[in-house]
Amino acid sequence: MDKFVTRHRKRSAVETDEWKTEEPLKKYKEECEVEEEFSQPIPWQKIEAEGLDCDYSLLFDKEEADYFFNQLEEEVEYFTGDKAKLQVYGKTYSIPRKQATYGDEGLMYSFSGVQLLAKPWTSTLEHIRDAVTKATGHMFNFVLINRYNDGHDHIGEHRDDERELDPACPIASVSLGAARDFVFRHRDARTGSGKRPIEPVKLELAHGSLLLMNYPTNTYWYHSLPVRKKVKMPRINLTFRRIVKNKQKTGIKTE
DNA sequence: GCTAGAGCAGAGGT
DNA sequence: AACCTCTGCTCTAG
């Protein structure tokens with residue numbers, strides 16, 4: 001039996017034409033203004049296990065999420081060429097997804113051994129970032145964007161490199177587009193000696209959802225976005241982070 | 001309901 | 001942190 005914490009709460013609208021209008025942005029801005037006056041916290045779902053501490057919520061309703069998805073599809077410039085490749089066991093592969101990075105001016109980060117400069121925030125990304133800040137109380141100076149074209153695109157099990165991240169600031173993962181399964185596995189439940197029978201924690205990341213990964217989740221738990229061949233539509237994932245300047249080194253991978 | 005085959009998902013090796 | 005292979009599970013057409 002699956003133990004998914006959440007199931008499709010809302011049907012994805014990516015397969016419809018509903019978002020092809022300017023109305024959602026107007027409505028979103030109006031709602032932001034209303035929220036200023038009648039601000040009430042969004043409902044969070046706590047996800048906990050040994051050494052794992054996450055919070056999950058629906059940050060955007062379907063209309064807002066559709067709008068942001070569409071905007072990002074038009075705006076985001078993903079890496080191509082060598083920057084979209086990766087060496088594993090001596091072989092070069094194209095990474096099974098698309099990636100892009102945006103952030104505060106001058107922020108450097110390392111990826112697959114190459115130092116790159118974060119692109120400047122777009123207005124859409126600033127909107128989303130500010131919504132996340134408003135919902136969480138945390139500020140972010142960097143976002144890594146992963147685009148999964150369909151259920152064949154995926155990311156393998158990994159932990160985020162915390163050495164250049166501010167551990168007091170959670171990683172905030174916003175999902176837009178197709179809902180995808182997301183799996184946490186405790187490091188001690190993986191292969192090798194000293195293996196312990198710790199159940200994986202599985203969730204489904206819905207269109208418009210926000211997953212906060214709090215300390216010390218990334219110390220003990222690996223996470224992945226597994227292949228799901230039945231998924232035919234794209235998903236865009238934004239992981240907002242706080243990078244500590246002068247502490248930057250290698251190996252950001254994300255979800 | 002039952003069965004056989006296809007396809008999917010997960011684990012381990014490289 | 002990628003793919004490949006192997007194994008076991010689930011789904012479905014007949």
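A brief structural summary. (Residues numbered from 1 in each chain as written. Chains lettered and ligands numbered in written order. Predicted model: local features only at pLDDT ≥ 70, side-chain atom pairs only at ≥ 80, totals over all residues. Heavy atoms only, no water.)

1. Brief notes about the protein's contact with DNA strand B
Step number 1: In the neighbourhood of DNA strand B, the contacting residues comprise Tyr89, Thr191, Lys195, Lys202, Val227, Arg228 and Lys229.
Step number 2: Each atom of DNA strand B within 4 Å of the protein was classed as base or backbone; sugar and phosphate made up 58%.
Step number 3: Tyr89 has a polar side-chain atom sitting 3.2 Å from a base oxygen of DNA strand B.
Step number 4: The contact in question runs from a phosphate oxygen of DNA strand B to an N or O atom on the side chain of Arg228, over 3.2 Å.
Step number 5: In terms of residue class, the surface near DNA strand B is built from 2 nonpolar, 1 polar and 4 charged. (Near = heavy atom within 4 Å. Polar contact = N/O pair within 3.5 Å; in protein donor to acceptor, adjacent residues only side chain to side chain. Nonpolar A, V, L, I, M, F, W, Y, C, P; charged D, E, K, R; others polar.)

2. So, the pairing of strand S16 (residues 235-241)
Step number 1: Most of S16 sits inside the fold, with 7 of its 7 residues counted as buried.
Step number 2: A two-sided burial pattern is seen for S16, the buried positions comprising Arg235, Asn237, Thr239 and Arg241 on one face and Ile236, Leu238 and Phe240 on the other.
Step number 3: Summarising the sheet, strand S9 (residues 142-148) and S16 pair through 7 bridges and their orientation is antiparallel. For Leu144, the partnering residue across the bridge sits in S16 and is Thr239. (Buried < 20%, exposed > 50% of the residue type's maximum accessible area, 1.4 Å probe, protein only. Helix = DSSP H or I, 4+ residues; strand = E, 2+ residues; numbered from the N terminus. Pairing = 2+ DSSP bridges.)

3. Observations regarding the pattern of salt bridges
Step number 1: Applying the stated criterion across every chain, the model contains 12 salt bridges.
Step number 2: A salt bridge links Glu73 to Arg147; its shortest N-O distance comes to 2.8 Å. With Glu73 in helix H2 (residues 62-75) and Arg147 in strand S9, this pair connects stretches of sequence that are 74 residues apart.
Step number 3: Taking relative accessible area as the criterion, Glu73 reaches 30% and is therefore assigned partly exposed.
Step number 4: Through salt bridges with shared partners, a single ionic network connects Glu50, Arg187, Asp188 and Arg196. (Salt bridge = Lys/Arg side-chain N within 4 Å of Asp/Glu carboxyl O.)

4. What about the sheet that holds strand S12 (residues 180-186)?
Step number 1: Taken in spatial order, the 4 strands of this open sheet run S10-S15-S12-S13, and their pairing is antiparallel. The strands lining the two open edges of the sheet, one partner per strand, are strand S10 (155-158) and strand S13 (201-205). Averaged over all pairs of adjacent strands, the angle between their axes in this sheet comes to 15 degrees, without regard to strand direction.
Step number 2: In this sheet, strand S15 (residues 221-225) lies alongside S10 in antiparallel orientation, the contact comprising 2 bridges. Across the sheet, residue Ile155 finds its bridge partner in S15, namely Leu225. (Axes fitted to C-alpha atoms, helices over the stretch in contact; angles between N-to-C directions.)

5. What about the packing of aromatic side chains?
Step number 1: Across all of its chains, the model carries 5 aromatic pairs by this definition.
Step number 2: The rings of Phe60, Tyr67 and Phe68 are connected pair by pair, giving a single aromatic cluster.
Step number 3: A cation over a ring is seen here: Arg129 above Trp121, with NZ or CZ 4.7 Å from the ring centre. (Phe/Tyr/Trp six-rings, centres within 6.5 Å; stacked < 30°, edge-to-face > 60°. Lys NZ or Arg CZ within 6 Å of the ring centre and 35° of its normal.)

6. Description of the side chain of Thr217
Step number 1: Within the secondary structure, Thr217 is located in helix H4 (residues 217-220).
Step number 2: Only 2.9 Å separates the side chain of Thr217 from the backbone nitrogen of Asp53, close enough to count as a polar contact.
Step number 3: Within the local environment of Thr217, its side chain forms a polar contact with the backbone oxygen of Asn214, the two atoms lying 2.6 Å apart.
Step number 4: In this structure, Thr217 is in contact with Gly51, Leu52, Asp53, Cys54 and Phe184, ignoring residues within four places of it in sequence. (Contact = heavy atoms within 4.5 Å.)

7. A word on the environment of Lys83
Step number 1: Relative to the helices and strands, Lys83 is located in the loop between H2 and strand S3 (85-88).
Step number 2: Residues Lys83 and Ile95, 12 residues apart in the sequence, show an inter-C-alpha distance of 9.3 Å.

8. Digging into the environment of Cys54
Step number 1: Looking at the element boundaries, Cys54 is found in strand S2 (residues 52-58).
Step number 2: Setting aside residues up to four positions removed in sequence, Cys54 forms contacts with Gln45, Lys46, Ile47, Phe184, Leu211, Leu212, Met213, Asn214 and Thr217.

9. Notes on the sheet that holds strand S8 (residues 119-120)
Step number 1: If you trace the 8 strands from one edge of the open sheet to the other, you get S1-S2-S14-S11-S16-S9-S5-S8, paired in mixed fashion. Strands with a single pairing partner mark the edges of an open sheet, and in this sheet they are strand S1 (45-49) and S8.
Step number 2: Across the sheet, H2 touches strand S5 (98-103), S9, strand S11 (171-177) and S16, and the angle it forms with S11 is around 90 degrees.
Step number 3: Contacts between helix H3 (residues 123-136) and the sheet are confined to S5, S9, S11, strand S14 (209-213) and S16, with S16 contributing the most and set at about 60 degrees to the helix.

10. Let's talk about a nonpolar patch on the surface
Step number 1: Together, Leu86, Val88, Tyr89 and Tyr93 make up an exposed nonpolar region whose accessible area comes to about 460 Å².
Step number 2: Looking at the secondary structure, you find Val88 in strand S3. (Patch = residues over 30% accessible without salt bridge, like charges linked within 9 Å, V, L, I, M, F, W, Y side chains within 5 Å. Areas by Shrake-Rupley, 256 points an atom, 1.4 Å probe, with all protein chains shown as cover.)

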